[in-house]
Structures are given as structure tokens and as C-alpha cells.
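Next come the chains, spelled out residue by residue.
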Amino acid sequence: MPLPGTVPPELADELVAIRRDLHMHPELGNHEVRTTSVVRERLEREGLTPRVLPGGTGLICDILPVSAGGPGGVWEGGRPMLALRADLDALPIPDTKSVPYRSTVPGRAHACGHDVHTTAVLGAGIVLARLARRGLLPHPVRLLFQPAEEVLPGGAQDALEAGVLEGVGRILAVHCDPRVETGRIGLRTGPITSACDRLEISLSGPGGHTARPHLTTDLVTAAARLVTDVPALLARRVDTRAGLALTWGRLQTGHAPNVIPQIAELSGTIRCLDIDAWREAPELVHAAVDEVAGLHRAKSELRYVRGVPPVVNEPGSAGLLGEAMAARCGAGSVEPTEQSLGGEDFSWYLEQVPGAMARLGVRPPGEAGAVPRDIHQGDFDVDESAITVGVELFTASVMLDAEER
């Protein structure tokens, strides 16, 4: 017997329209007011009772079996819920695509697929609510639409403080992957993402004339040496297998070709595959920066912003996602995937309850030889049939999750 919870054609079309609407109106972290409203209103139309999080953006919504009060109720105890999580926020980059649903907000774009994640969990909620009304929902489910995933240390911590995991026994999520073909997911047990922190450095010196660098602190040279030498030092002070990598994203100093500046600023990210090395990283980075800056007589101020630990997929939850995908699309639809150096604040939930994240294929079939339109780029886009795949992956996971926790 096929599993209940497939997406009817009219709902598939509606979800594509919703995704395009969200894509055209991207909002940054903790400012997802319109996005929250769109999701809330659609859930309410389905007879559900969504609750906006205390910060005014993001929401949760419980879907209960008839025996527990029906789809419009609120969980009050009993079997722990299975949570389905989506993230709402966009990125501060321009949308460079030439499509009818291109972003209408200058310098803002859904370039990481959060509009797809949101629509997939929303669609799952609609389908599950309809199953609940027919008496086919086996156990309670919580939808979690989280703000500010792109803002370190991530909106997940605020959501946790708001109690979003109260009553939850397991949590699942997907993330768009343009390297994986639509109709497939990438999956692994254990760490699937890496830790990610942010680093901000300010160098200072007296400044001076470029004709006499020996009489002052040459901040341009100091900054340049920091860019190259700090990553090199870290590579020799951390086990290579830990995969600790410092990559710079910004370097700013100086205004004139014949003036040695008084201030230089650098910022970047620290990424790490190994959680133990991640815990040691702040002390190691501080020491390396102080050594290099001191060598060039530059004063350094370092702000190390803790980000997120790795997402570590729990075996039972990863197995549930794999079983659900195979039930929907066949055993060949699940492919192994490597641990990436990307960071994801979904990891904070997994510090509290078992769970797993799958990589949702969004590459159109037939583009295997093409260079994928990668996430965090202005031309990123998806094969929108992946939305239905995501919905049906979630609903199958709910139907197959028979374990009492």
C-alpha cells in the first residue's frame, strides 16, 4: 500500500506560487515579518493554530491526531512530537537572475533556498492537517519556522529559549543542494556540516608617510601578513584531520597611495569538521593573531564570535529520512554525501533532541555535466519540483516514525 501524504497537483501549483512570492519578497534575519505572516495565514486557512515566536518573527504550529484534539489543537502532553524545521531568512546579496520571480528588494535574495525549505514544511503541514482530519495522522507533529539562520550564532538559540522543543522527541530538516539532482537526497549518519564561527580583527598604529615605513607601523603589510600567516600557523597547530580552516571575507585599510594608514580591519570565518578542535579554536586564533601582529608592531583587537557546532545526524533519524525517501522515490533516490564545511544552526536543536538533516536535490535532471548554481550566489535558483519532493519526504517520515520516545 502506498503511504498516505502525497501532494495533489493543485497543492503543488499553490506551493510553487508561494515559493515564488517569498522569493520576490526576501527578508533578512529577525526581520521576516511578511514571511511569517504568509506562513501563518496559510496555516490558519487549513484550520491550524500557529503561534508566532516572542521576537515577532518565526512560528510554531502543532498538528494533532483526532485522538489528541484534532489538527487545530495545541499539544498538552502524551507522545513526544516529531518536529519539522524550516528557516525563513534571506541573504544580503543582490538577485542577479532574469526570472519573473526575481527579488523585488534591492540587495536582498533567497540565495540559500530558505524559501524552498519554508514552502516544503508549510506544504507538509497542509497535507498532514488534511490527514489528521481523516483520522490518518499517527502521532502529533510540530512545524517549526525559524528566523535568522544566517545570523551567527543563529536564530535557533532564540527559538530554543522560546521553548520550541518542549514536547518534541525528534526533529528533521532539509537543506537545498544544487549538486544533487531533483528527486534525490544526500544523506549521511554523523556530522554532515561543520562548525562555523566569525572573526573580526582591528589593527592600529600611528600611521605615517610611505617614504618612511621604518619609523612607524606599516599596517598594510601587517594586515597582509595576517591574511596569509594566521591560517598557516593554525594549519601547523591543529591536527590536519580536524579540517580547521580560516577564510577571510573582508580586508579594509587605507585611503591614499602615499599614506600608511592608522587602522586596518579584517573579518572572516573559522570552519571546523571536528567538534573538539572547534572548542579549542578561539584560544588558538587569539594566540596566532597576537604573534603575527606583534611581529609587525601592530596593536590588535580581536572579536571572536561563536557560531554553530556541526550538525551531527543521529543514526535513527537519518535512517528514518532514508526510509521515507526510498518509500517515495525508490531505493536509488538516497545517495551518500560528504561532510561539508558549511555551518547550520540546526545543530543547536540536535544538542537537545535526536534528529537529522538531509540534502534536498534541487538540480534539474539532465544538468549533470553543468556547473551547478551554488548557494550564496546571486544567480542561485532551484528546480521547483523539489518542493513536492521535500513535502512528501516529510510526510512519509511522519507516517513511518512509529517509535515511541
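What you are looking at is a predicted structure, and each value in this text was computed from that prediction instead of being measured. (Residues numbered from 1 in each chain as written. Predicted model: local features only at pLDDT ≥ 70, side-chain atom pairs only at ≥ 80, totals over all residues. Heavy atoms only, no water.)

## So, the packing of helix α5 (residues 219–237) against helix α6 (residues 275–295)
Remark: α5 packs on α6, axes separated minimally by 9 Å, with the N-to-C direction vectors making an angle of 135 degrees. Taken as axis vectors, α5 and α6 run oblique relative to one another. Pair α5 / α6 crosses with right-handed handedness. Between α5, through R225, L226, D229, V230, L233, L234 and R237, and α6, the contact on the second element is made entirely by L284, V285, A288, V289, E291, V292 and A293. Residues that form the contact of α5 with α6 fall into these classes: ten nonpolar, no polar and four charged. (Axes fitted to C-alpha atoms, helices over the stretch in contact; angles between N-to-C directions. Helix = DSSP H or I, 4+ residues; strand = E, 2+ residues; numbered from the N terminus. Parallel < 35°, antiparallel > 145°, perpendicular 65-115°, else oblique. Left-handed = near helix turned anticlockwise from the far one by under 90°. Contact = heavy atoms within 4.5 Å. Nonpolar A, V, L, I, M, F, W, Y, C, P; charged D, E, K, R; others polar.)

## Considering the sheet that holds strand β8 (residues 195–204)
An order of β10-β12-β8-β13 is seen for the four strands of this open sheet, with the pairing classed as antiparallel. This sheet does not close on itself; its edge strands, each paired only once, are β10 (245–253) and β13 (299–308). In this sheet, neighbouring strand axes are inclined to one another by 15 degrees on average, regardless of whether the strands run parallel or antiparallel. Where β10 lies against strand β12 (residues 263–272), eight bridges are found, and the strand directions are antiparallel. Within the sheet, the bridge partner assigned to L246 lies in β12 and is I270. Along the sheet face, α5 touches β8, β10 and β12 and points at about 175 degrees away from the line of β10. Sheet strands in contact with α6 are β8, β12 and β13, and its direction is about 165 degrees off that of β13. (Pairing = 2+ DSSP bridges.)

## A few points about the layout of surface pockets
Its volume calculated, the largest pocket comes out at about 1200 Å³. Lining of the largest pocket is provided by 40 residues; of these, L91, E150, R271, G343 and H376 occupy positions nearest its centre. If you list the elements that add at least two residues to the lining of the largest pocket, you get β5 (168–181), β8, β10, β12 and β16 (355–363). Sort the elements by how many residues they give to the lining of the largest pocket and β5 lands first, with five residues. Its residues assigned to classes, the lining of the largest pocket shows 16 nonpolar, twelve polar and twelve charged. (1 Å grid on protein atoms, 1.4 Å probe; cavity = no way out; pocket = protein on both sides within 12 Å on 5 of 7 lines; lining within 4 Å. Points joined across faces, edges and corners; volume = space filled by probe spheres on them.)

## Remarks on the pattern of salt bridges
Opposite charge on two side chains lets them pair, provided their charged atoms get close. Applying the stated criterion across every chain, the model contains 32 salt bridges. Residues R34 and D21 are paired through a salt bridge, measuring 2.8 Å at the closest nitrogen-oxygen approach. Here R34 is found in helix α2 (residues 33–45), whereas its partner D21 is found in helix α1 (residues 9–24), with 13 residues between them in sequence. With a closest N to O distance of 2.9 Å, E46 and R42 form a salt bridge. In terms of burial, E46 and R42 fall into one category: buried. One salt-bridge network, in which partners are shared between bridges, spans E14, R42, R45, E46, R130 and R133. (Salt bridge = Lys/Arg side-chain N within 4 Å of Asp/Glu carboxyl O. Buried < 20%, exposed > 50% of the residue type's maximum accessible area, 1.4 Å probe, protein only.)

## Here's the deal with the domain arrangement of the protein
When its domains are assigned, the protein resolves into domain 1 (9–191 + 311–402) and domain 2 (195–308). In this assembly, eleven residues from domain 1 lie in contact with eleven residues from domain 2. Together domain 1 and domain 2 conceal approximately 900 Å² of surface at their shared face, both sides included; 66% is due to carbon and sulfur atoms. Looking at the side of domain 1 facing domain 2, the largest losses of area belong to L152, Q339 and L341, adding up to 61% of the total buried there. Applying the counting criterion to the domain 1 and domain 2 interface returns zero salt bridges. In terms of residue class, the side of domain 1 that touches domain 2 is made up of four nonpolar, five polar and two charged. (Domains from an automatic or database assignment. Buried area = accessible area lost by both parts, 1.4 Å probe.)

## Some points on unusual backbone geometry
Most peptide bonds are trans, and most residues other than glycine sit at a negative phi. With omega at 5 degrees, the peptide bond leading from L152 into P153 counts as cis. Position of P153 relative to the elements: it lies in the loop between β4 (141–146) and α4 (155–161). Phi is positive for R297, which is not a glycine, with a value near 60 degrees. Examined against the element boundaries, R297 turns out to sit in the loop between α6 and β13. The class of R297 is exposed, set by a relative accessible area of 54%. Even without glycine at this site, H376 takes up a positive phi of about 65 degrees. Within the secondary structure, H376 sits in the loop between β16 and α9 (386–400). We classify H376 as partly exposed; its relative accessible area is 41%.

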